[in-house]
Amino acid sequence: MKSRNAIVVIGSGPAGAITAALLRRYGYDVTVVGRVRSQPCWEGMSIRALDGLANAGLTLNLRTDLTAARRYSWWNGSLNLVNVEYLVERRQMDLALQRALTARGVNVVDGYVTHHSVQDGGCVVAVEGKCGRVSELFANFLVIAHGRRGGKHIVIDQMPVSVMLGRLFSARLGKEAFTVTESFEDGWGWATWNGDGKLNVNITMDGDLAGSADCEYLFTTYAQRSPEISKLITSGAVPLTQVTARGSRPNLNADLISSTHIRVGDAAYTVDPLSGNGMYEAVSGGYAAVPVINTLLQKRADSLIAMQYYQDRARAIFRQRLDAGADIYKRESRWNSDFWRKRAINGGQAFGTTTTVDRGSFISQPVVEDGFILSRDVFISAAHPRGIRFVNGIDLAVLHKTVLANGSADIAMLTTQLSKGVKDITAALSLLVQNGLYENGLNS
Ligand SMILES: Cc1cc2nc3c(=O)[nH]c(=O)nc-3n(C[C@H](O)[C@H](O)[C@H](O)COP(=O)(O)OP(=O)(O)OC[C@H]3O[C@@H](n4cnc5c(N)ncnc54)[C@H](O)[C@@H]3O)c2cc1C
């Protein structure tokens, strides 16, 4: 049955769940088709990602869904206590998100999308249910949030494929949960201890290796190269599962958005798992996608601006994350193996460089306002190459126009005209002056 502004979301991971929950808040009729992932796997979540979910009404339960763990890192030969992260088992998390979505009025279908195609200005989505029966849904708009799955990617040739081999053990390592990352000559390991019997060990190596040998053999051999992690295994840990393999390569999808679909989370772009930021990226991608979708559906005249905003954002973040990933690999300077050399390349340059600006000026740029993407004047300068619009709640473009109309930057006059305090006006004006806006006088 066709319903007006029906939105179908494929996938109930963090990207799909956030997007669905926020669209529901806007009053859309949202159906999520999500198949809970088939293999258990543990990942670490930052507090930012958890807060992002909670702010959309998707609160994970600290007692049943998450374990707070101290995060240690052995990198370049030294030990650091980085911060705390939250361990989640991703199958449990899929289920918890589906429950939270249902409670927020989102229709959740336990199924697998086998196909989707554009039809009648919307999309027809084929869903295979639990018992194998296929049904069809009509969507005015489709959100593709099914994680790392095929599709047209912008492949960066020099970016290597990595594979993470994982195994769950039962162990006795004390009551305090922790995670430890450790670099070794041709890879790095990540182990998580949940404080209650479960040790999960993941070993990352070059993807070429995994195709050439038995995963169990590779896991055992490479885990021994990681001194701290192998100590955890040899302290009486007993394997509970087979070795599983997960591949990864940084990718940006070439087909991010159209008038009928948007890609969010890993379906849009993926970064190196070493950053440990994937879930946060998925959550923040959902927050960015929702005003874009709202604009595409409600203000068609602004569609191009909305699409440009989304594409530019994804490209800029992907570029930043590629370079940040390379910087982490560069911080390990003890080895000169192919593994480390290939990953220390700043691939972000392939996606353009950050704009260099000599002197501050205003340009028209897409921004989020009241749930829509609109074009507004923002201030760009060397210190703010991506643009800044507000300082202490003052719209810089409005301030600038008022200064020009007054022919002076008289603070007392500006406080009355803009109904703002002296401190706020001074801070906003200082930013413009410090970034060279008025260096040739008020007419510059
Ligand atoms: C080896 C490895 C380790 C990682 N470790 C971390 C970490 O520690 N911390 C971190 O923050 N990130 C980590 N990441 C990244 C993280 O897994 C992803 O970035 C994040 O899960 C992306 O969220 P998502 O919602 O886009 O996709 P996913 O979380 O992949 O969610 C997609 C959902 O859609 C379902 N689905 C897929 N296809 C269909 C379909 N056709 N129909 C219906 N449902 C479907 C899937 O079963 C899944 O439930 C790691 C990634 C890898 C590869």
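Residues numbered from 1 in each chain as written. Predicted model: local features only at pLDDT ≥ 70, side-chain atom pairs only at ≥ 80, totals over all residues. Heavy atoms only, no water.

- Named according to an unreviewed UniProt entry, the chain is Tryptophan 7-halogenase originating from Noviherbaspirillum album.

## So, the overall build of the chain
Then comes step 1: A count of helical and extended segments in the chain gives twelve helices and 23 strands.
Then comes step 2: Along the first, second and third principal axes, the C-alpha atoms of the chain reach 75 × 60 × 40 Å.
Then comes step 3: Going through the 444 residues of the chain one by one, you find that 50% of them count as buried.
Then comes step 4: Taking contacts inside the chain between residues at least 6 apart in sequence as the whole, the part at least 24 apart equals 67%.
Then comes step 5: As displayed, the chain offers around 20700 Å² of accessible surface, 49% of which is attributable to carbon and sulfur atoms.
Then comes step 6: Both charge centroids of the chain, one from 47 positive and one from 40 negative side chains, sit 4 Å from each other. (Helix = DSSP H or I, 4+ residues; strand = E, 2+ residues; numbered from the N terminus. Buried < 20%, exposed > 50% of the residue type's maximum accessible area, 1.4 Å probe, protein only. Contact = heavy atoms within 4.5 Å. Areas by Shrake-Rupley, 256 points an atom, 1.4 Å probe, with all protein chains shown as cover. Lys, Arg positive; Asp, Glu negative; His and termini not counted. Charge placed at Lys NZ, Arg CZ, Asp CG, Glu CD.)

## Some words on the packing of aromatic side chains
Then comes step 1: Overall, the coordinates contain nine aromatic pairs when judged by the stated rule.
Then comes step 2: Considering the side-chain rings of Tyr-329 and Phe-339, the 6.2 Å spacing of their centres and the 70° angle between planes classify their relative orientation as edge-to-face. Note that Tyr-329 is positioned in helix α8 (residues 303-330) and Phe-339 in helix α9 (residues 338-343), a separation of ten residues in sequence.
Then comes step 3: On the basis of relative accessible area, Tyr-329 is assigned to the buried category, the value being 2%.
Then comes step 4: Given a relative accessible area of 3%, Phe-339 falls into the buried group.
Then comes step 5: When the centroid spacing of 5.3 Å and the interplanar angle of 75° are considered together, the rings of Phe-339 and Trp-340 count as edge-to-face. (Phe/Tyr/Trp six-rings, centres within 6.5 Å; stacked < 30°, edge-to-face > 60°.)

## Re the site of the ligand
Then comes step 1: Taken together, 35 residues surround the ligand, and among them Arg-35, Gly-44, Arg-90, Asp-266 and Met-279 come closest.
Then comes step 2: In this structure, Asp-266 approaches the ligand through a main-chain N or O atom, which is 2.8 Å from an oxygen atom.
Then comes step 3: For the ligand, whose free accessible area comes to 990 Å², the fraction covered by protein is 94%.
Then comes step 4: Only α1 (14-25), β2 (29-34), β3 (42-45), α3 (90-103), β6 (107-119), β16 (244-248) and α7 (278-298) provide two or more residues apiece to the shell around the ligand.
Then comes step 5: The residue inventory of the shell around the ligand, partitioned by class, reads twelve nonpolar, 14 polar and nine charged.
Then comes step 6: Taken domain by domain, the shell around the ligand gets at least three of its residues from each of domain 1 (6-61 + 87-155 + 250-343) and domain 2 (162-248). (Near = heavy atom within 4 Å. Polar contact = N/O pair within 3.5 Å; in protein donor to acceptor, adjacent residues only side chain to side chain. Nonpolar A, V, L, I, M, F, W, Y, C, P; charged D, E, K, R; others polar. Domains from an automatic or database assignment.)

## A look at the nonpolar core
Then comes step 1: If you look at the biggest cluster of nonpolar residues, it comprises 59 residues, and the most contacted ones within it are Met-45, Val-143 and Ile-262.
Then comes step 2: By residue number, the principal contributor to this core is α7, which donates ten residues.
Then comes step 3: In contact with Val-143, other than residues within four places in its own chain, are Ile-7, Val-8, Val-9, Ile-10, Thr-19, Leu-23, Ile-262, Val-264 and Ile-293.
Then comes step 4: Membership of the second largest hydrophobic core comes to 23 residues, among which are Ala-191, Val-201, Ile-229 and Ile-233. (Core = buried A, V, L, I, M, F, W, Y, C linked by side-chain atoms within 4.5 Å.)

## What about the side chain of Arg-263?
Then comes step 1: Locating Arg-263 in the fold gives a position in strand β18 (residues 261-263).
Then comes step 2: Among buried Asp, Glu, Lys and Arg side chains, Arg-263 stands out as unpaired, with Asp-255 the closest opposite charge at 4.3 Å.
Then comes step 3: Within the structure, Arg-263 has its side chain in polar contact with the side chain of Asn-253 (distance 3.4 Å).
Then comes step 4: Dropping the residues within four chain positions of it, Arg-263 is found in contact with Ile-144, His-146, Asn-253, Asp-255, Leu-256, Ala-268 and Tyr-310. (Salt bridge = Lys/Arg side-chain N within 4 Å of Asp/Glu carboxyl O.)

## Concerning α3
Then comes step 1: If you check α3, its first and last C-alpha atoms are 20 Å apart, about what 14 residues at 1.5 Å a residue would give, namely 20 Å.
Then comes step 2: Backbone geometry just after α3 places Gly-105 at a positive phi near 90°. (Expected span 1.5 Å × (residues − 1).)

## What about the packing of α7 against α8?
What describes two packed helices is the angle between their axes and the distance between those same axes.
Then comes step 1: Remark: α7 packs on α8, axes separated minimally by 8 Å, with the N-to-C direction vectors making an angle of 165°. In terms of axis orientation, α7 runs roughly antiparallel to α8. Every pair of crossing elements has a handedness; the one defined by α7 and α8 is right-handed. Within the contact between the two elements, α7 uses Glu-281, Ser-284, Gly-285, Ala-288, Ala-289, Val-292, Thr-295 and Leu-296 and α8 uses Ser-303, Ala-306, Met-307, Tyr-309, Tyr-310, Arg-313, Ile-317 and Arg-321.
Then comes step 2: A per-class count over the contact of α7 with α8 returns nine nonpolar, four polar and three charged. (Axes fitted to C-alpha atoms, helices over the stretch in contact; angles between N-to-C directions. Parallel < 35°, antiparallel > 145°, perpendicular 65-115°, else oblique. Left-handed = near helix turned anticlockwise from the far one by under 90°.)

## Quick notes on the domain arrangement of the chain
A common measure of how large an interface is: the accessible area buried when the components associate.
Then comes step 1: Domain parsing of the chain yields domain 1 (6-61 + 87-155 + 250-343), domain 2 (162-248) and domain 3 (361-434).
Then comes step 2: Taking the mean C-alpha position of each, domain 1 and domain 2 sit 27 Å from one another.
Then comes step 3: Both faces considered, domain 1 and domain 2 share a buried interface measuring about 1700 Å² in area, 60% of it formed by carbon and sulfur atoms.
Then comes step 4: Area buried by domain 1 at its contact with domain 2 is led by Trp-42, Leu-87 and Phe-339, which between them contribute 35% of it. (Buried area = accessible area lost by both parts, 1.4 Å probe.)

## Some words on the sheet that holds strand β9 (residues 141-144)
Either a parallel or an antiparallel arrangement is found when strands of a sheet pair, and the pairing is made through backbone hydrogen bonds.
Then comes step 1: A sheet is described by the order of its strands in space; here seven strands give the open sequence β8-β7-β6-β2-β1-β9-β18, paired in mixed fashion. With one partner strand each, in any of the chains shown, β8 (134-139) and β18 form the two edges of the open sheet. Across the sheet, the mean angle separating the axes of adjacent strands is 35° when strand polarity is ignored.
Then comes step 2: Along the sheet face, α7 touches β1 (6-10), β9 and β18 and points at about 160° away from the line of β9. (Pairing = 2+ DSSP bridges.)

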